Amino acid sequence: MVRVRSTLTIAMTAMIAAGLGAAIAVVATRSSPTQPAVVSGPSYGSSYSYYRSMMSRFGTGSMMGGANGSMMGGAGYRWMMGSTAAPGWMRGGTLPSYMMGVNTDPGKVMGRLFADAPGPRVNPAAAPRLGNEVPAGATVASARHRITFSGRTARLVVLASPAGSPDETFRAAGLVDPTIVVRAGTQVSIELVNADPDTAHGLVVSTARSASSWAPMMTAAPAFAGSALWFLGDPTSAGMHAGTLRFTAATAGNYEYLCTVPGHAQKGMRGVFVVTG
Ligand SMILES: [Cu+2]
């Protein structure tokens, strides 16, 4: 059973990752059974190609891999991308209990599998500066552990587990897991950089209380349209993976941001996100 659970966990992470590069793409449901639907988004093609190459590393006979693996075709890809054909637990429902057991750190598995994924990269030499950068238009109160934006736009760089910070934490404006405050209606842009050499990380701004979940990527629904980046793979010689969440902080309230990778938010990889009225 342990082996089955492990396989399912990898499948689960692969499903989420399949949507990574094209997280913004709108998935059409009408298409041929063997090809993914044509969607907008420049990264879709390379993401699907990468996905196929990654999945082909699994042996034939598994649910995922090989030339005839059920996850290899367009239908499987759409399923993983969260089409309406996807099961409820992929769309914010409860994760089946049989997927909760693992014997391998999912973040390490995910980091390795997606180290070569396409997407923007950041030069590691720039990471320390980015992690300490005070955002334009923001007030940083170190003693209060808080970054406050007063304008109508907020642009912030967040590093995941960079050198010099505790493991499984975020760093922004020189602070560890700071409280981030914006006004209602602010156009928010958060660039996430995975600065951890051997573990995947992600970020979602969600409603409070979801941090207690072992697998936030399944249970922590984004609070705003676009407020999730499910995860980024390990850095390679090409640089550190980076991705940007863009959303409008539409409604005042107390939210949280947290790492989506299983177990990380529970270890403390999270912070408070406040939208003031
Ligand atoms: Cu993490």
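Everything numeric here is computed off the predicted structure, so don't read it as measured data. (Residues numbered from 1 in each chain as written. Predicted model: local features only at pLDDT ≥ 70, side-chain atom pairs only at ≥ 80, totals over all residues.)

A few words on the overall build of the protein. Across its full length, the protein holds six helices and 13 strands. For the protein, the residues scored as buried account for 40% of the 277 residues in total. Long-range pairs, those at least 24 residues apart, make up 69% of the contacts in the protein with a sequence separation of at least 6. (Helix = DSSP H or I, 4+ residues; strand = E, 2+ residues; numbered from the N terminus. Buried ≥ 20, exposed ≤ 12 C-beta atoms within 10 Å, placed from the backbone. Contact = placed C-beta atoms within 7 Å.)

Here we come to unusual backbone geometry. Phi angles above zero are rare outside glycine, and Ser-161 is one such case at about 45°. Counting through the fold element by element, Ser-161 comes out in the loop between β4 (153-160) and β5 (170-172). Here Ala-173, not a glycine, exhibits a phi torsion of approximately 50°, which is positive. Mapping Ala-173 onto the fold places it in the loop between β5 and β6 (175-176). Overall, the presence of 21 C-beta atoms within 10 Å leaves Ala-173 in the buried class.

By secondary structure assignment, the location of Ala-223 is in the loop between α6 (216-219) and β10 (228-232). When the C-alpha positions of Ala-223 and Tyr-255 are compared, they lie 7.7 Å apart, and in sequence the two are 32 residues distant. In this structure Ala-223 touches Val-205, Ser-206, Thr-207 and Tyr-255, once residues within four positions along its chain are discounted.

All right, on to the sheet that holds β4 then. Taken together, the six strands give an open sheet; going across it, the order is β1-β11-β8-β4-β5-β6, and neighbouring strands pair in mixed fashion. Across the chains shown, the open sheet's two edge strands, defined by having one partner strand only, are β1 (121-122) and β6. One ladder, built from two bridges, connects β4 with β5; its direction is antiparallel. Of the residues in β5, the one forming a bridge with Leu-159 is Arg-171. (Pairing = 2+ DSSP bridges.)

As a further point, take the sheet that holds β10. Pairing in this open sheet of seven strands is mixed, and the strands run β2-β3-β7-β13-β12-β9-β10 from one edge to the other. In this open sheet, the two strands that pair with only one neighbour each are β2 (138-141) and β10. Across this sheet, the average inter-strand angle for adjacent strands is 20°, counted without regard to direction. Of the strand pairs in this sheet, strand β7 (residues 179-183) and strand β13 (residues 270-276) are connected by four bridges, and their pairing is parallel. Each bridged residue has a counterpart across the sheet, and for Val-182 the counterpart in β13 is Val-275. (Axes fitted to C-alpha atoms, helices over the stretch in contact; angles between N-to-C directions.)

What follows is about helix α4 (residues 106-113). Listing the buried residues of α4 in full gives Pro-106, Gly-107, Met-110 and Gly-111. Buried residues of α4, viewed axially, fall in a sector of 130°; they line one side. (Arc of directions from axis to C-beta.)

Of all hydrophobic cores here, the largest spans 52 residues; its most connected members are Val-158, Leu-159, Ala-172, Val-182, Leu-192, Val-193 and Leu-203. Looking at which element gives the most residues to this core, the answer is β4, with six residues. (Core = buried A, V, L, I, M, F, W, Y, C linked by C-beta atoms within 7 Å.)

Of all five residues that make up β10, five are buried, and the element is covered over most of its length. Note that strand β9 (residues 201-207) and β10 share three bridges and pair antiparallel. The partner of His-201 across the bridge, within β10, is Leu-232.

Quick look at the confidence of the model for the protein now. Averaged over every residue, the pLDDT of the protein is 75; residues scoring 70 or more account for 61%. pLDDT under 50 marks residues 1-45. Its contacts with residues more than four places away, or in other chains, come to 91 contacts. Considering only residues more than four positions removed or in separate chains, one finds that residues 59-70, a stretch of pLDDT under 50, has 27 contacts. (pLDDT = per-residue confidence, 0-100.)

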